[in-house]
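Residues per chain, in single letters:
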Amino acid sequence: MDITIVFDDASSQYSFTDGESILTAVQKLFPQQKRSIVAARIGGLLVDLTTIPSTTDDIQLVSTSSGDGLEILRHSTSHIMAEAIKELYPDAKLAIGPSIDSGFYYDIDMSKTLSPDDLGVIEQKMREITERSEHFARQDKPIAEAIEFFKERGDQYKVEILSEIPATTVSLYTQGSFTDLCRGPHIPSTSYLKHFKLLSIAGAYWRGDEKNKMLQRIYGTAFPSKEELVGFVTAREEAAKRDHRKLGQQLDLFSIQEQAGPGLVFWHPKGAIVRKEIEDFWRAEHIKRGYEFVYSPHIANLELWKTSGHWGFYQQNMYSPIQVDEDQYMLKPMNCPFHILIYKSQVRSYRDLPLRWAELGTVYRYEKSGVLHGLLRVRGFTQDDAHLFVRPDQLNDEVKGVLDFTRHMIETFGFKKYNIYLSTRPEHSVGTDEGWQMATEALRVALEEMHLDYKVDAGEGVFYGPKIDVKLVDAIGREWQGPTVQVDFNLPERFDVTYVGEDGKEHRPIMLHRVVLGSMERFFGTLIEQYAGAFPLWLAPVQVEVVPITDVQEEYARAITARLVERGIRAKVDIRREKMQAKIRDAEMQKVPYIAVIGAKEAAVDSVAVRMRHEGDLGVMAVDQFIERLLEEIKSKVIFA
RNA sequence: GCCGACGUAGCUCAGCUGGUAGAGCGGUUGAUUUGUAAUCAACUGGUCACCCGUUCAAUUCGGGUCGUCGGCUCCA
C-alpha cells in the first residue's frame, strides 16, 4: 500500500507491507531524526507511530519541535514518572498527569510524604526506565473492562474518572509493568526520553475542589535537547531576578512588615514617587476622557453592605465588623456603594448621563493567608476605581470607551504580555437571566467591535454582573488580573437608582464598574517585573545621579543638581568620599537612568559627562542641552525595553 | 484555609552529630583626591521569628504559634 508521508514540508512515498507500522517507515526514511519523530497525524488525528495504517490517507509526522510533539513527549514523561513512582512506592494511587505549558505534572495519593530529596530518587528511577527502552503499547478496552481493571488494582481515582466518561471504549497505555488510562498518543519507547527534570512538589486538591482530599503533585518538564532543558532552567533563574519582591527590596521601593500584618503594603519614598507619577498620569487621562473625581470614606455602616449585597455574597472576604456605639461598621472591600450614594444625593436627569466618577479608593479584603503574594495579592489596596452611570443606549459606547482607555494605559506603560477574558455568570449571583444575558452580550459586542482577541472565562463573573478582565503576566508567566470592566444592572436595582427620562418618568441606569490599572499595588508589582526595576525615565525614582569625581567639584555638582531639580527633574548628588567607579556602580545597580559625571574639565565649561543606563558613556554635554534631552524624554514617556 | 519547605546582624549567607554565634556587603570614623561597575583600615551590628517542652546545657532536638516561599483553592 503506497502512502504519502509528509515531514517538515517534504513528502515522500512509502510502500507499506501488511502489518507494517508507521514507526518502521520512519526508521527507514528518517534514520537520523527518528528519536525526534514521536507521533503521526492521519486525517487531522494524532496517532501513535506504532499504528498500522488502514487507509491511504497522507501521514504527517509529528516531531518534538512542534507544539503537539513536545506535548506528547512531556505527557509520556509524566507516564514514565508515574511508573517510577509505582515501582518505588507501590501503594501510590495515581490521579491525573497532564502536560502543561511549562512541562507536566502528576497528582498522586500515597502514604509517604515526599520531600525534595525524593525527586532525585524518582529521577534516577526514571533514568533507569528510559534505559530499559520499554515500549508504549496501546490497548482499546470496553469501558466496563477498564473499570474492572483499575478497580482490581485499587486505583480509585481512575475508576472515578472512568465512571464519568460517556464513551463505550477507552484506551489504555502500557509501558513496562505500568498501565495508565490515557487518550494518547505517546512516544514509541521510553528510550525516546533523554532530557527531563523534576521541578517541585506541591499539594493539589483532587479535581481542584477544596472539599476533596489533598494529593501530592510533582511538577516536571522535558525537552527534545539538553540545550533547551538548560535554557529553560536558566530562564527561570533569570526570571527570578525580576521578581518584584526581590527588586522591591534591592531598590528600596516597598516593604511588607510582619509587625504590621501580612498583606499590608508600605510604600517607601522611591516606590511612592513612582506611584505618584502613575497617579498624576492617571488623573490627567481621566480628565481628558470626561471623568470627574470623588472621594469616599473607608468605613460604612453594615446596613449599607446588606443593601448592596456584599454582606450576603462577599462576607468571607470582608474584615470583621467594628462596633461603634449601637451600630456595626465595615471596612470597605469595594467603593461602589459609596458612589451610588453620591448619585442618589439628588435627582438625576437623562441629560446628566453618562456620569463617570473616579476615585483612587483604598479597600480592604480579607484574603486567605496562603494566597498573599508580594504586591500582587494583598489585603489592603488602592483600586483606580470608577463607576459610570449610563443609559441603556449609552452602554455600548461607554464600554468601548473604557476598553480604549485601558488599552491606552497598558500601552503607555509598555505591557506586551496580557490576555483578555470575558467572564460570565457565576454560580452565586443576583439578578435575572435576561439581565445577565443582555449585559454579557453588551460586553461581547464591545470586544468584537474593538477587534480585541479574548477568551471566555465561564462562570467567572462577579455576583452582580459579567466582566471583561485584562490579565497581566508576571516574570514567570503567571497571570494577574489587572484592568476590568463590569456591567452591573443589579446594584442600581438594589439601591433603587433612577434618572428622569425625556418622558418625565423614572428609569433605571446601568452601572459600569471599572479599573484601568487594577490596583496601585498589583499594577506596580507587575510594572517592576515588566521593567526588571529599570523604569523608563518618566517613572524612575531617581532620574539623574550627579557624580563629582573629587570633592573639588562638590560645589559645582550641587549647583548642577539644584538646576536639574528646579526644572522638575529628580536628581541626586553623590558626595560620599568614594571613588567615582564605586558611585557609578551603585547608581547602575539602583538602575538610575542617567549618571552625570563631573570632573575638572566639565566644571570648567558648564557641562556634564553623561552616562546612560545600559548604554554607557555618551560623552560630554552642555548642561542646558542635557536638561532639554531629559525633559523631552520625560515628556514623551519613552520606553526602553 | 489546605499540602510541603523555610525563618541566623539592615542585606546576602556560613555555623557537622546540643556547650549562649561568624563572613562579605551596609553603617560610623580616619586616611586616600581619584575619569566611567567596588580604595584601604579600624570600629559598629544579633533575646539565632515567637512561645512551651526535653536536657546540667537548645540557634541546634520535640511540640505549638506567627511569618515567608512553591503549589492548590480563592481573587484586583
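For the structure itself, look to the data block above.
Let me sum up the structure you'll find in this document.

Thresholds applied
Residues numbered from 1 in each chain as written. Chains lettered and ligands numbered in written order. Predicted model: local features only at pLDDT ≥ 70, side-chain atom pairs only at ≥ 80, totals over all residues. Heavy atoms only, no water. Patch = residues over 30% accessible without salt bridge, like charges linked within 9 Å, V, L, I, M, F, W, Y side chains within 5 Å. Areas by Shrake-Rupley, 256 points an atom, 1.4 Å probe, with all protein chains shown as cover. Salt bridge = Lys/Arg side-chain N within 4 Å of Asp/Glu carboxyl O. Helix = DSSP H or I, 4+ residues; strand = E, 2+ residues; numbered from the N terminus. Core = buried A, V, L, I, M, F, W, Y, C linked by side-chain atoms within 4.5 Å. Buried < 20%, exposed > 50% of the residue type's maximum accessible area, 1.4 Å probe, protein only. Contact = heavy atoms within 4.5 Å. Near = heavy atom within 4 Å. Polar contact = N/O pair within 3.5 Å; in protein donor to acceptor, adjacent residues only side chain to side chain. Nonpolar A, V, L, I, M, F, W, Y, C, P; charged D, E, K, R; others polar. Pairing = 2+ DSSP bridges. 1 Å grid on protein atoms, 1.4 Å probe; cavity = no way out; pocket = protein on both sides within 12 Å on 5 of 7 lines; lining within 4 Å. Points joined across faces, edges and corners; volume = space filled by probe spheres on them. Axes fitted to C-alpha atoms, helices over the stretch in contact; angles between N-to-C directions.

### Side note on a nonpolar patch on the surface
On the surface, Ile299, Ile322 and Val324 cluster together into a nonpolar patch covering about 190 Å² of accessible area. Residue placement: Val324 occurs in strand β18 (residues 322–324).

### Considering the nonpolar core
With 80 residues, the main nonpolar core has Phe413, Phe535, Val544, Leu564 and Phe626 as its most contacted residues. The leading source of residues in this core is helix α12 (residues 395–412), at seven residues. Excluding anything up to four places from it in sequence, Val544 contacts Leu564, Ile569, Arg570, Ala571, Lys572, Val592, Tyr594, Ala596, Phe626 and Leu630. In this structure, Val26, Tyr106, Leu198 and Ile218 belong to the second largest nonpolar core, which totals 49 residues.

### A closer look at unusual backbone geometry
In this chain, Gly184 is followed by Pro185 through a cis amide linkage whose omega measures -5 degrees. Along the polypeptide, Pro185 turns up in the loop between β11 (178–181) and β12 (195–205). Here the bond from Leu353 into Pro354 is cis, since omega is 0 degrees, no more than 30 degrees from zero. At His451, a residue that is not glycine, the phi angle is positive and equals roughly 55 degrees. In this structure, His451 sits in the loop between α13 (433–449) and β23 (455–457). For His451, a relative accessible area of 71% translates into the label exposed. The phi torsion at Ala532 lies on the positive side, around 50 degrees, for a residue other than glycine. Within the secondary structure layout, Ala532 lies in the loop between α15 (520–531) and β29 (544–548).

### A short note on the protein's contact with RNA strand B
Neighbouring residues of RNA strand B: 58 residues in total, closest Tyr205, Arg377, Val378, Gln481 and Glu602. If you look at RNA strand B and keep only atoms within 4 Å of the protein, 50% of those are sugar or phosphate atoms. Contacts to RNA strand B include Tyr219, whose side-chain N or O atom sits 3.2 Å from a sugar or linking oxygen. Residue contributions to the surface near RNA strand B peak at seven residues, all from helix α17 (residues 580–589). Tallied by class, residues from the surface near RNA strand B come to 21 nonpolar, 15 polar and 22 charged.

### Details of the pairing of strand β13 (residues 214–223)
In terms of residue burial, β13 counts as a mostly covered element, since eight of its ten residues are buried. Bridging between strand β8 (residues 103–109) and β13 involves five bridges; their strand directions are antiparallel. Bridged to Ile108 within β13 is Gln216. Note that β12 and β13 share ten bridges and pair antiparallel. When the sheet's bridge partners are listed, Ser200 is paired in β13 with Tyr219.

### Some points on empty space enclosed by the protein
Considering all chains together, one arrives at three cavities of 30 Å³ or more under this definition. Lining the largest cavity are Leu403, Thr406, Arg407, Ile410, Tyr418, Ile420, Leu452 and Val470. Elements that contribute at least two residues to the lining of the largest cavity include exactly α12 and β22 (418–423). A per-element tally of the lining of the largest cavity places α12 first, with four residues. Among the residues making up the lining of the largest cavity, the classes are represented as six nonpolar, one polar and one charged.

### Re the sheet that holds strand β10 (residues 169–175)
Strand order in this open sheet of three strands is β9-β10-β11, and the pairing throughout is antiparallel. Across the chains shown, the open sheet's two edge strands, defined by having one partner strand only, are β9 (137–142) and β11. Strand-to-strand twist in this sheet, taken as the mean axis angle between neighbours without regard to direction, amounts to 30 degrees. Bridge analysis of β9 against β10 gives six bridges, and the strand direction is antiparallel. By the bridge assignment, Asp140 is partnered in β10 with Ser171. Helix-sheet contacts for helix α2 (residues 67–88) involve β10 and β11, and the interaxial angle to β11 is about 130 degrees. Across the face of the sheet, helix α4 (residues 143–152) comes into contact with β9, β10 and β11 while running at roughly 110 degrees to β9.

### Observations regarding the layout of surface pockets
Any empty space left between atoms is shown by rolling a water-sized probe over those atoms. Roughly 1,600 Å³ of volume is contained in the largest pocket. Around the largest pocket, the lining is made up of 47 residues, and of these Tyr314, Asn317, Arg365, Arg377 and Lys467 lie nearest the centre. Looking at the lining of the largest pocket, the elements that each hand over two or more residues are β21 (380–390), β24 (467–473), β25 (479–488), β28 (510–519) and α15. No other element matches β25, which puts six residues into the lining of the largest pocket. Here the lining of the largest pocket is built from residues that sort into 16 nonpolar, 15 polar and 16 charged. In this structure, the second largest pocket encloses a volume near 700 Å³. Around the second largest pocket sit 26 residues that line it, and His75, Leu181, Cys182, Arg183 and Gly184 are the ones nearest its centre. When contributions to the lining of the second largest pocket are tallied by element, the ones reaching two or more residues are α2, β9, α5 (156–162), β10 and β11. Here the element with the most residues in the lining of the second largest pocket is α2; it accounts for five residues.

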